[in-house]
Structure formats: C-alpha cells, structure tokens
Amino acid sequence: MQSAMAISFSQTSLTKPNYVFGSTGSVFSTPKSLRFCGLRREAFSLSPSNQLAFRSDRKRIPSRRFEVSAAVSSAAVNGNGAPPKSFDYDLIIIGAGVGGHGAALHAVEKGLKTAIIEGDVVGGTCVNRGCVPSKALLAVSGRMRELQNEHHMKAFGLQVSAAGYDRQGVADHANNLATKIRNNLTNSMKALGVDILTGFGSVLGPQKVKYGKVGLPDNIITAKNIIIATGSVPFVPKGIEVDGKTVITSDHALKLESVPDWIAIVGSGYIGLEFSDVYTALGSEVTFIEALDQLMPGFDPEISKLAQRVLINPRKIDYHTGVFASKITPAKDGKPVMIELIDAKTKEPKDTLEVDAALIATGRAPFTNGLGLENVNVVTQRGFIPVDERMRVIDGNGTLVPNLYCIGDANGKLMLAHAASAQGVSVVEQVSGRDHVLNHLSIPAACFTHPEISMVGLTEPQAKEKGEKEGFKVSVVKTSFKANTKALAENEGEGIAKMIYRPDNGEILGVHIFGLHAADLIHEASNAIALGTRIQDIKLAVHAHPTLSEVIDELFKAAKVESHATTSTGDVKIKQNTNEDDLKRGRRRRDDEKQPSVSKDLKIRSTKPSFLEIIYGEVLSLLSRIFV
C-alpha cells in the first residue's frame, strides 16, 4: 500500500541497498493501465444486477500456457505430487487486495477462467487499512489546515470563523469510503465472472491450492497458474508492546478512535509523514523518532530538506534523530506511554519520553506464513517470497517453480498498491502467452501530505552513482511552483520540481516534485520513463495554460540535451540539429528544392485533409458553438 510503504532506512542501508530498514533498525526487503490504488474503472460502475447479461454472454478465449525456458523446480518431482492433467481454473489468485483484483480483472479480459481466494475482506490492506481510508483522513486534514490558515484565507479576501471538527464524523468518512470501495471491488469481480472463494488459501503442490475456513473441511482446487498476492501487515519491532489504544499501528490509527494531545511517531517515512499531517491538523503535537541522522531518509535529499522546512518546522512537531525506540510501554494505571530511546550507533541509553500515545510507523512485513510454500520447496527471505523479474517464484535451489507467481508486498520488490496491480497485469500477460517485464523504475510513488511529495526513478545521489559506474554525465534541472500561474492563483506557490537526466541522450533518470497536487503531476514523467520517451521528444509537447502541468513542461524545456542526441518517433530516428548555420543552410536548400524538412526515410503525409477529417472538424466546430 502506498501510505504504508516501508521506506525508512537505517545506517545499514547504505551498505545493503537491497534491504529497507525500519526506524527501530529492523530489516525488510526493499523495494493495462495504472489506476488509482490500482482500481479499475469498473470498480466504480459495475454491479451484479446490470452485468448479468455480460457475464452469461462472455466468450472465453482459450488460454495459452507461457513456456518458461528455465530449470524446472525439483518440487514437481520430489514427493510433492505431480501436476494435475485437467484444471478447475486457468488462474487462481490467493489474496484479493489491489494486486489480486488487478490481476483478476485483466485475466478475465484475456478470457481466462479465474478464481480469487480471500480469507479476510476484499480490498486487502490498501482499501481497508491503508491507501483508501488514509486519503479520507488526509482530505479532512487538508481542509482543516486551509481553514485554520488565517493569512491564506485573507489573501483570497475570505473571512472564516474558527474551524472545528467532529472526530466520529471524520472517522465515519474514512470507514464509509473503505466500505464503498470494497463493495465496488467485490461487485466488479462478480459481474465480470471472477469466482470469489472465501477462506485462507495455501499452495498444496504444483498447480494445486487448498482453501477453507477454520473448523471446516478444506477445499482443493487446481489451476494452470497460481498467483500469490497476500500482501503485508504492519511491522512491529521487538521491545514495543502494541495495545491498540495508546500504542498503535497504522491499522488502528485509521479508525481515529482518539486524537491524543501528544503523540510520538516512530519512523518518518511515508506512513509517519502522512499521519503527522493528519494529527497536527486535528490539534495534536507530534514527536518523530527516526533512526537515521535526518528525517525523511527515503526521499531525494533536496526534496527532504524543503519538505522539512514546510511540513515539519512550522508545525507543532519536534523530532529525535539517530535514535532507536528500544522499548515502548502502553499507558496504564494513570501512567503515560513510556518510550526508551537508545543511540542508533552506540546503543547507549539516550532519553526517555512520556507521551499520550505512540504510532509505530516502521514499515510493513510480508504476510507469507502458512502459505504452504514448503510444499513447493520455496524458502522465504526475511519473510519475502523470492521472485525473478517476471514475478516467477524461485525455490530453495534457485530454480523456478513452474506456474507459480508472487506479486505485491509479499515479494518485496516495491511495496506499493499500484505496483502490485501492475505486477499482476504483467503476470497475466505472461500466462496468456505474451512475455512482459515490468520496469519498476517507471512506477511512481507519492506521499499525500499538504503539499504533496511525489517521485519516480532515481534520486540525484543514486543517479550520480550510476553515472560514475557506467561512465555517463548526469544533469539536474529544477523549476519552482512560484513561477506557475495556476499555483499562484491558488496561493500555493511553495514547492519545486526537479528532473535528473542524461544530457548525452536525453534519458530521464528521475523526477521529484514537492508542491500542490504533486501526486497527480508525476505521471507524465513516469509514463515517459516507462515508454522510453526522451526529453527531446517530450519537450515539444503542448500543455494547457494556465495549469499545474506547466511545472513539468518547464522541466522538459529547461533541460539541455547535447546536439548529437537522437529522438525517436515510432521506429524512425531523426537527428537533432541545433547548429544555427546548418539550419539556415537547410532553409535555403528547402526554398530551392521545395522539399519538406524531414528525413528522406520518412513518408510525408499529405497536408490536404481527408473527407473524414473535414467531417470531424465540422462536428467539433458545431459542438464548440453549442457548449461554449
């Protein structure tokens, strides 16, 4: 889930880049369209009643098994049973979170007979205890923060009396949103013909799954392919006692059963930052406890510095860095929550805090226990299921387990809801016969504070390290929201955007944004990275004015790409020429030869409009006269 991403690092992460460390020093594994929280359009529109005809008339396309050119796992031949000769399903998905939901719907589109197993509730962490309810709380905090900012309101000429809130009403808003989205997801899968099987699912053997409820007999079903999508749970380090009332995880905090006067937040990553935004807007004082020497260690350093100046320093927030919370005791018998701090390096006692509540925001741990992985000889790595770049599960001997895949938080590649959904879609593409490898560097992430933070690709230090190793230059370009008309109209000029790129070929290495609607703005950059679009291609694109999208447009236009770099349009490579003398010579030659200024390899499209284009233009003209 996005708001519960494990991105707090300790000092050890500098030498072990493949792992993520929580703020108390605990170790985790790091990290057809991408949709809000991975949810498809159908989740908001379909219901069983209006889709029965579609379900009964749907034509199935024969599924094709994706052939794996790798060593077959020994689990299939060493005592775990032979694969069945016929199957109940083309695809079984264990886990009905956002990743499983995305995979199921894509599988239906591919004509695969699909079942999804859920032992808890449909929607998983994101919908029920993560992305969705947290955004409801953050929507409230954003409005409260704006109403409480007298200077901001006066700048608009508005006068607002003291703003207040109803805690239960806020909590109900979050809960109702989660319920609505959960029901929509369930209805969308039922309407499209996905079989939803209730119970805890586990792998029984090659292409075999069992599921059932506690105290009832298990059901055994078979499938050509199996996807594990069981997600994650909040990670609670040793020494911390969670009572769900005064010492809580994000699961408890989203219920908003109380708003403490003073709350300590252990971890300053995505989870911690978002909850600090909520609690301070509702009147709490916050103390961050962070293991590293700086706050927000998972972000680009320049973005972190600015974000701290805007999101931390002016608010009722203090912090302790370079320390672990070695022991946390819940409030009881009239005593407050006790937090013992030790130095992160020396492990010597540092301080003791007494607060009203403590939120443990040290990341998330994979939910992979009891999945029957031993039946296919799979050994987890710190709880994560090992997979290759195609999400194929790897067994204890380092070979691929045939027809078994793992997506989302359970594999630890990138603990984001939309990453899980994208991985699920990628797997379905493979089992349908089309090879597909997901580029995880093109997957964006966002922190929904006020203002928001978003990013995709490499940070500046990461890009420079890569450049030194591979022998290329790295350039950085920045732009400010203070130069954007729409941001100034909203009186929200605080923020920057920066792009890290290769000047020799125009490749975008990373984009980081801090400012108004940063989470929405990042996708132009992430799609450019995913499609391999170079700066010299996209800098000629047109953006509506005045819009926030011009912040990104300014980044592309400000980038300096070397003159020899090439740009791609389809399969055609056109040489960029920025030499003024050459351009003048080219213009004189075109005047003489009456030839258009393009490569000879390109087919020149006639400037005369076709009949359909004429009709299309007339329709647009008519519509503009009607609606404008």
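Residues numbered from 1 in each chain as written. Predicted model: local features only at pLDDT ≥ 70, side-chain atom pairs only at ≥ 80, totals over all residues. Heavy atoms only, no water.

Engineer: Would you mind going over helix H11 (residues 460-470) with me for this structure?
Structural biologist: Because each turn of an α-helix spans 3.6 residues, side chains separated by three or four positions end up pointing in the same direction. Every buried residue of H11 is listed here: Glu460, Ala463 and Gly467. The arc that holds the buried residues of H11, viewed along the axis, is 65 degrees, so those residues lie on one side. Turned more than 90 degrees off the buried face of H11, the exposed positions are Glu468 and Lys469. On its buried side, H11 packs onto helix H9 (301-312), strand S23 (475-480), strand S24 (496-501) and strand S25 (508-515). In the stretch just after H11, Gly471 is the one whose phi turns positive, near 80 degrees. (Buried < 20%, exposed > 50% of the residue type's maximum accessible area, 1.4 Å probe, protein only. Helix = DSSP H or I, 4+ residues; strand = E, 2+ residues; numbered from the N terminus. Arc of directions from axis to C-beta. Contact = heavy atoms within 4.5 Å.)

Engineer: Sorry, what's going on with the sheet that holds S23 here?
Structural biologist: Working definition: the strands of a sheet are paired by backbone hydrogen bonds and lie parallel or antiparallel to each other. With respect to topology, five strands assemble into an open sheet ordered S21-S22-S25-S24-S23, the strand pairing being antiparallel. Whereas interior strands pair on both sides, the edge strands pair on one side only; in this sheet they are strand S21 (445-447) and S23. If you compare each strand with its neighbour and ignore which way they point, the axes differ by 10 degrees on average. Pairing geometry for S21 and strand S22 (residues 452-457), over three bridges, is antiparallel. Paired with Cys447 across the bridge in S22 is Ile453. (Pairing = 2+ DSSP bridges. Axes fitted to C-alpha atoms, helices over the stretch in contact; angles between N-to-C directions.)

Engineer: Is there a simple way to explain the pairing of strand S6 (residues 200-205) in this structure?
Structural biologist: Looking along a regular strand, one sees the side chains alternate between the two faces of the sheet. Pairing geometry for S6 and strand S7 (residues 208-212), over five bridges, is antiparallel. Looking at S7, one finds that Ser202 is bridged to Lys210. Hairpin connection from S6 to S7: two residues lie between these consecutive antiparallel strands, with Gln207 at a positive phi of about 60 degrees.

Engineer: I tried to follow the sheet that holds strand S14 (residues 323-329) on my own but got confused; where do I start?
Structural biologist: One open sheet holds the three strands; their spatial order is S14-S15-S16, and the pairing between them is antiparallel. Each having just a single partner strand, S14 and strand S16 (349-355) make up the two edges of the open sheet. Direction aside, the axes of adjacent strands within the sheet are offset by 25 degrees on average. Across six bridges, strand S15 (residues 337-343) lies against S16 in antiparallel orientation. Within S16, the position partnered with Val337 by the bridge is Val355.

Engineer: What am I meant to see in a negative patch on the surface here?
Structural biologist: Together, Asp261, Glu285, Asp318 and Asp356 give the surface a local cluster of negative charge. With respect to the helices, strands and loops of the structure, Asp356 is situated in the loop between S16 and strand S17 (357-360). According to the relative accessible area criterion, Asp356 is partly exposed, its value standing at 39%. (Patch = residues over 30% accessible without salt bridge, like charges linked within 9 Å, V, L, I, M, F, W, Y side chains within 5 Å. Areas by Shrake-Rupley, 256 points an atom, 1.4 Å probe, with all protein chains shown as cover. Salt bridge = Lys/Arg side-chain N within 4 Å of Asp/Glu carboxyl O. Lys, Arg positive; Asp, Glu negative; His and termini not counted. Charge placed at Lys NZ, Arg CZ, Asp CG, Glu CD.)

Engineer: Could you clarify how one ought to interpret unusual backbone geometry in this entry?
Structural biologist: As a rule of thumb, non-glycine residues mostly have phi less than zero, and peptide bonds are mostly trans rather than cis. With an omega dihedral of 0 degrees, the bond running from His450 to Pro451 counts as a cis peptide bond. With a phi angle near 60 degrees, Asn377 is a residue other than glycine that sits in the positive phi range. Structurally, Asn377 can be placed in the loop between strand S18 (364-366) and strand S19 (392-394). Under the relative-accessibility criterion, Asn377 is labelled partly exposed at 27%.

Engineer: Would you mind going over the pattern of salt bridges with me for this structure?
Structural biologist: Any two side chains of opposite charge can pair, so long as their charged atoms come close to each other. What the rule picks out here adds up to 26 salt bridges. A salt bridge links Lys245 to Glu257, with the shortest nitrogen-to-oxygen separation between them at 3.4 Å. Of the two residues, Lys245 sits in the loop between strand S9 (232-234) and strand S10 (247-248) while Glu257 sits in the loop between helix H7 (250-253) and strand S11 (262-266), which places them twelve residues apart along the sequence. Given a relative accessible area of 56%, Lys245 falls into the exposed group. Taking the relative accessible area as the measure of exposure, Glu257 reaches 45% and is therefore partly exposed. In this structure, Arg309 engages Glu494 in a salt bridge whose closest nitrogen and oxygen atoms are separated by 3.2 Å. Taken together, the residues span a long stretch of sequence, with Arg309 in helix H9 and Glu494 in the loop between helix H12 (485-489) and S24 at a distance of 185 residues.

Any functional reading would require information that these geometric values do not contain.
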